[in-house]
Amino acid sequence: MSSQRNQGGIVRIKELAMHVKHKVNLLGVVLEFSIPRKSQGTDYVCVLKIVDDSQQSPELLVNIFTSSIDQLPRVLSPRDLILLKNVMIKKHQAELSAVFYKDSSSFALFDGNSGSNLLPYQSSPQRFEITEAEERRINVLRQWCVGFEFSSGSNDYLLSLKDISEHRYFDLVCKVFHVSYDDSKGLWMLFVWDGTDVPPLSIPGKLEDEEHNPLPLHIESSPLDLETLRNFFPVGTVLRVSTDRSYENFGRYFTATGKWVRIRNMSCQVSSGMWHGLLQSSSKIRLFSDNDNVVWDYMRERISGGHGHMPIWTDPSSQFLTEVDWVNVASVTLMKIATQLQGNVRCCCIVRVVSIHPFQAEHYSSPNGSSEYTMKLTLEDPTARIHALLCGKEWVRFQLG
């Protein structure tokens, strides 16, 4: 027990094997957390993974149970610290873990930046006092964090959006652009981006289905407002990721909007020819700072990969790629057209035509009784799906092409 006395009552993670079935105090850097949710019983639960300067692998699992969801910790930033008091150390097979009990344990969360004050930004409802020895230990751990490169997690299940497939569980490193609640579906939805393009999909149905059952333009029930869409990058897919129904308060407690994260244990399915991500009840979030190496690697892949506004899956030599006779025209994506271009602007965009209405020439109609005919196309690239109208000379040119 001498180490506990030396650290002001705090046991280092490396020494926890000597404290199995005992309650101890811990201080660690929070690397990963689950979203607060209802447990299978009457409590609320979240799971943390923490490390300290004595041990970074394996990371210590901490299960936290409280009687109210508001009492669970909400980690705000990468490398924030948590002080846990009176938590039970357990051992299952060879793995150690800590359990936080709602009646006897307590916690406090601190900014992990060196030089920050020693006031917790969140703590348990119970009276929480910090000793001078604990303050010194917090400062030591903050200073250690400055020069330490933390793990981004195992690569065993890590995929990019360009490599996803249906019904496969995987991890995704991405930036969370937006989170909103879909009233019609009763689910929270994340809008995430990793700089790559999702694989193109086969479109179900027949051309004649478009009149009575048109393809949707987006997964969400209502389109996002233009101001929100303008915050998305104009290249790369922004994947829609729906939460499990156990996350009824997801948006209220999700603290990673606008940040780079690793989402652990998610999956994808296909809906109306579009990729749709799914969070599981067991999914977890690992926060990154904008300066972490893993973030730079993802940004560098898109910026220096040579694709620019071209879809990653595009083969310029393909016989199925239709060319236009315009020269010196800027190459853009559908997202850029929808959010940034205004007025009568000529541009070039590589798209797939996923539906046409009407689909038979004899049904082409003139909307105002004139001699001009109109055809509606549904266009798709990795960034968006939009409608486009061909009228008059454009319609004739398209027919001849």
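Residues numbered from 1 in each chain as written. Predicted model: local features only at pLDDT ≥ 70, side-chain atom pairs only at ≥ 80, totals over all residues. Heavy atoms only, no water.

Going by what an unreviewed UniProt entry lists, the protein is known as Protection of telomeres protein 1 and is assigned to Citrus sinensis.

So, the layout of surface pockets
Keep this limit in mind: Both cavities and pockets are sets of points on a 1 Å grid over the protein atoms alone; in a cavity a 1.4 Å probe fits but cannot get out, in a pocket the set is open with protein on both sides within 12 Å along at least five of seven lines, and lining residues sit with an atom within 4 Å of a point. Grid points are joined across faces, edges and corners, and a volume is the space filled by probe spheres set on the points. For this scheme, ten residues count as nonpolar: Ala, Val, Leu, Ile, Met, Phe, Trp, Tyr, Cys and Pro. Four count as charged, namely Asp, Glu, Lys and Arg, and the remainder, Gly too, count as polar. Domains are outlined according to an automatic or database domain assignment.
Here the second largest pocket defines a volume of roughly 570 Å³. In this structure, the second largest pocket is lined by 29 residues; those nearest its centre are L217, R240, T383, A384 and R385. Of the residues belonging to the lining of the second largest pocket, the class tally is 19 nonpolar, four polar and six charged. There are two domains that each give the lining of the second largest pocket at least three residues, and those are domain 2 (158-305) and domain 3 (334-399).

Observations regarding the packing of aromatic side chains
Going by this rule: Working definition: a ring pair exists when centres of Phe, Tyr or Trp rings (six-membered ring for Trp) sit within 6.5 Å. Plane angles under 30 degrees give stacked, over 60 give edge-to-face, the rest tilted.
As enumerated under the stated definition, the model contains 14 aromatic pairs in all. An aromatic cluster of three or more residues is present, and its members are F177, F191, W193, F232, F233, W260 and Y298.

Digging into the state of the cysteines
In plain terms, the rule: Cysteine sulfur atoms are paired as a disulfide whenever they come within 2.5 Å of each other. Exposed residues in this analysis have more than 50% of their type's maximum accessible area, buried residues have under 20%, and partly exposed residues fall in between, with area computed by a 1.4 Å probe over protein chains only.
Summed over all chains, the structure comprises zero disulfides. Unpaired in this structure, C348 has its nearest cysteine sulfur neighbour in C349, at a distance of 7.3 Å. Since its relative accessible area comes to 27%, C348 is described here as partly exposed.

Some words on unusual backbone geometry
Going by this rule: Put simply, DSSP marks the helices as runs of H or I at least four residues long and the strands as runs of E at least two long, and each gets a number from the N terminus on.
Following S57, the chain continues to P58 via a peptide bond in cis, the omega torsion being 0 degrees. Here the phi dihedral of H167 falls at roughly 55 degrees; this positive angle occurs in a residue that is not glycine. With respect to the helices and strands, H167 occurs in the loop between β9 (158-159) and β10 (170-182).

Overview of empty space enclosed by the protein
The full count for this structure, using the stated rule, is three cavities of 30 Å³ or more. Space inside the largest cavity adds up to approximately 60 Å³. Along its surface, the largest cavity is lined by F33, S34, P36, C46, L48, P73, R74, V75, Y253 and T255. For the lining of the largest cavity, the elements supplying multiple residues, two or more each, are β1 (23-34) and β3 (44-52). Of the residues belonging to the lining of the largest cavity, the class tally is seven nonpolar, two polar and one charged.

Here we look at the pattern of salt bridges
To be explicit about the condition: For this analysis, a salt bridge means a side-chain nitrogen from Lys or Arg found within 4 Å of a carboxyl oxygen belonging to Asp or Glu.
Within this structure, the stated rule accounts for 14 salt bridges. With a closest N to O distance of 3.7 Å, R264 and D171 form a salt bridge. Taken as a pair, R264 in strand β13 (residues 260-271) and D171 in strand β10 lie far apart in primary sequence, 93 residues in all. Relative accessible area serves as the criterion here: at 6%, D171 is assigned to the buried category. Measuring nitrogen to oxygen at the nearest pair gives 2.7 Å for the salt bridge that ties E380 to R385. Comparing E380 with R385, the two get one shared label, buried. Residues joined by salt bridges that share partners form a network here, namely E32, E59, D171, R262, R264 and R286.

Details of the pairing of β1
For the record, the criterion: Only strands joined by at least two bridges in the DSSP assignment are considered to pair.
Burial of β1 is extensive: eleven of the twelve residues sit out of reach of the surface. When β1 meets strand β5 (residues 81-92), the two strands line up antiparallel, connected through six bridges. For L26, the partnering residue across the bridge sits in β5 and is L84. Here four bridges tie β1 to β3, and the two strands are oriented antiparallel to one another. When the sheet's bridge partners are listed, V30 is paired in β3 with I50. Sheet topology note: the β1/strand β14 (residues 274-288) ladder contains three bridges and is antiparallel. Paired with S34 across the two strands is K284, which belongs to β14.

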